[in-house]
Structure formats: structure tokens, C-alpha cells
Amino acid sequence: MNARKTVDDLMIEVRRLPCIAADAPLREAIEALLRFLQETEAARPTLVVLDGERMVGVITQRDLLAALEPGYLKQAAHAEGAAPAEAELVLVWDRLFDSTAAQQLARPVVEFMRPVSAHLAPGDPVARPAWLMLHEDLPVVPVMQGTRIVGVVRAKEVFVELMQRLLAGSAS
């Protein structure tokens, strides 16, 4: 019988990931994610947000787009009752994008990141990151050794491992 893999078997070392400081300006996050996209074919590119050696959040393409959306358009899109049509909102956003989005570039990443409070230990079973990803809507979960981040587990590796295990078990 094969031993089941643990988080340590699936972990990507933190030094191989694009990271950014929580107090860095949004401009640097955009530049880092653009560089990462040019260097890799990641399905769900994610920047790890660090406060020292502690992972405090993640920022994805979606988070960056949301950060650049004008505030009043967010309110209009989510208001109850008669909200402007999607086409009108898109047209307004397109016309205002360059001027309003540029104002956000100096603000710190911490204002736009998706906070991460959960973490894993290297010996945790693979089902644990799967559960955390589902219930906390995380694309990656940090792996900690004491108070130091040593890596992350991504949804891709968790999915592959669990589905292969499922299919291997159902073949018998």
C-alpha cells in the first residue's frame, strides 16, 4: 500500500514564488504579476504578500482589477433596485479607467490583498489544504515551520493529488 502524500510533498518553496511586501505600492504588485505572467504559464497566478517572513495575504489578477475599479461603480453594480445596465458601467469604467486607476497605484498592497490567516504544517494531510481552499476561497495556503513561511501549497497540486488518488482507488 502506498503511503499518502503530505503537504510537504506538494509544497512549492517560497523562494520560487513571486512575493511582495504588504506595504509595497500597488504599482509594484502589478509589475510583479506582469513579470510572473511573462515567465510562466500559471493557470491562476498569485502574488504572495509578506510582512517580514509572515504571509499575510495573496493578490491575484482579479484582486488587482477590483482594486482599479472606481468606487462609485462598485456601489452602482451592487446597489439594490435599479442599477445601471452592465454595458453602461463597462463604458463608464473604460472611459475613466486610465485617470481613476492611476490614483490607486501608490496605495499599499495590504489595502487590496485577500487576507490569509490559515496555514499548514509540512506534515499535514493533503485533504487539509483542499478544505481550506474551498472554505476560505484561497488559491494558495502558506506552509509554516514555526513562525517562518517555507512555502505554499497551490490548488493545482492538491487537485491533481486528490483526483489521482480517487481514480486509483476506484480502479480496484
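For the structure itself, consult the block above.
Conventions used here
Residues numbered from 1 in each chain as written. Predicted model: local features only at pLDDT ≥ 70, side-chain atom pairs only at ≥ 80, totals over all residues. Heavy atoms only, no water. Buried < 20%, exposed > 50% of the residue type's maximum accessible area, 1.4 Å probe, protein only. Helix = DSSP H or I, 4+ residues; strand = E, 2+ residues; numbered from the N terminus. Pairing = 2+ DSSP bridges. Contact = heavy atoms within 4.5 Å. Axes fitted to C-alpha atoms, helices over the stretch in contact; angles between N-to-C directions. Left-handed = near helix turned anticlockwise from the far one by under 90°. Nonpolar A, V, L, I, M, F, W, Y, C, P; charged D, E, K, R; others polar. Salt bridge = Lys/Arg side-chain N within 4 Å of Asp/Glu carboxyl O. Patch = residues over 30% accessible without salt bridge, like charges linked within 9 Å, V, L, I, M, F, W, Y side chains within 5 Å. Areas by Shrake-Rupley, 256 points an atom, 1.4 Å probe, with all protein chains shown as cover.

J.: Give a description of the pairing of strand β6 (residues 140-145) that names residues and reports values.
T.: Of all 6 residues in β6, 5 are buried; the element is thus mostly enclosed. Sheet analysis places β6 next to strand β7 (residues 148-154), joined by 6 bridges and oriented antiparallel. Opposite Met144, over in β7, you have Ile149 as the bridge partner. Remark: 2 residues form the turn of the hairpin made by β6 and β7, two consecutive strands paired antiparallel; Gly146 in that turn has positive phi of roughly 70°.

J.: Would you mind going over the sheet that holds β6 in detail, with residue names and values included?
T.: By definition, the strands of a sheet pair up through backbone hydrogen bonds, in either a parallel or an antiparallel sense. Pairing in this open sheet of 3 strands is antiparallel, and the strands run β1-β7-β6 from one edge to the other. Bordering the open sheet on either side are β1 (12-13) and β6, each of which pairs with just one other strand. In terms of strand pairing, β1 meets β7 through 2 bridges, oriented antiparallel. The partner of Ile12 across the bridge, within β7, is Val152. The strands touched by helix α6 (residues 127-136) are β6 and β7; relative to β6, the strand with the most contacts, the crossing angle is about 135°. Along the sheet, helix α7 (residues 155-170) makes contact with β1 and β7, crossing β7 at roughly 55°.

J.: Explain the packing of helix α2 (residues 26-39) against helix α3 (residues 61-68) to me, using residue names and the numbers behind them.
T.: The contact between α2 and α3 brings their axes to 11 Å, and the two run at 145°. Relative to α3, α2 is oriented so that their crossing is left-handed. For the pair α2 and α3, the contacting residues are Leu26, Ala29, Ile30, Leu33 and Leu37 in the first and Gln61, Leu64, Ala67 and Leu68 in the second. In the contact of α2 with α3, the residues fall into 8 nonpolar, 1 polar and no charged.

J.: Could you give an account of the pattern of salt bridges, naming the residues involved and the relevant values?
T.: In total, this model carries 8 salt bridges according to the counting rule given. Close ionic contact of Asp124 with Arg128 constitutes a salt bridge, the shortest N to O distance being 2.9 Å. Relative accessible area serves as the criterion here: at 16%, Asp124 is assigned to the buried category. Under the relative-accessibility criterion, Arg128 is labelled partly exposed at 36%. Here Arg154 makes a salt bridge to Glu157, at a shortest N to O gap of 2.4 Å. According to the relative accessible area criterion, Arg154 is partly exposed, its value standing at 27%. Using a relative accessible area of 16% as the deciding quantity, one classes Glu157 as buried.

J.: Could you give an account of a nonpolar patch on the surface, naming the residues involved and the relevant values?
T.: Residues Phe159, Val160, Met163 and Leu166 make up a contiguous nonpolar surface patch of roughly 370 Å² in combined accessible area. Locating Leu166 in the fold gives a position in helix α7. Accessibility expressed as a relative area gives 54% for Leu166, which makes it exposed.

J.: Just give me the short version of the sheet that holds strand β5 (residues 114-115), but keep the residues and values in it.
T.: The sheet built from 4 strands is open, its strands ordered β2-β3-β4-β5 with mixed pairing. A single partner strand is all that each edge strand has here, and the edge strands are β2 (19-21) and β5. Running over the sheet, α2 touches β2, β3 (46-51) and β4 (54-60) and is turned about 140° from β3. Along the sheet, α3 makes contact with β4 and β5, crossing β4 at roughly 75°.

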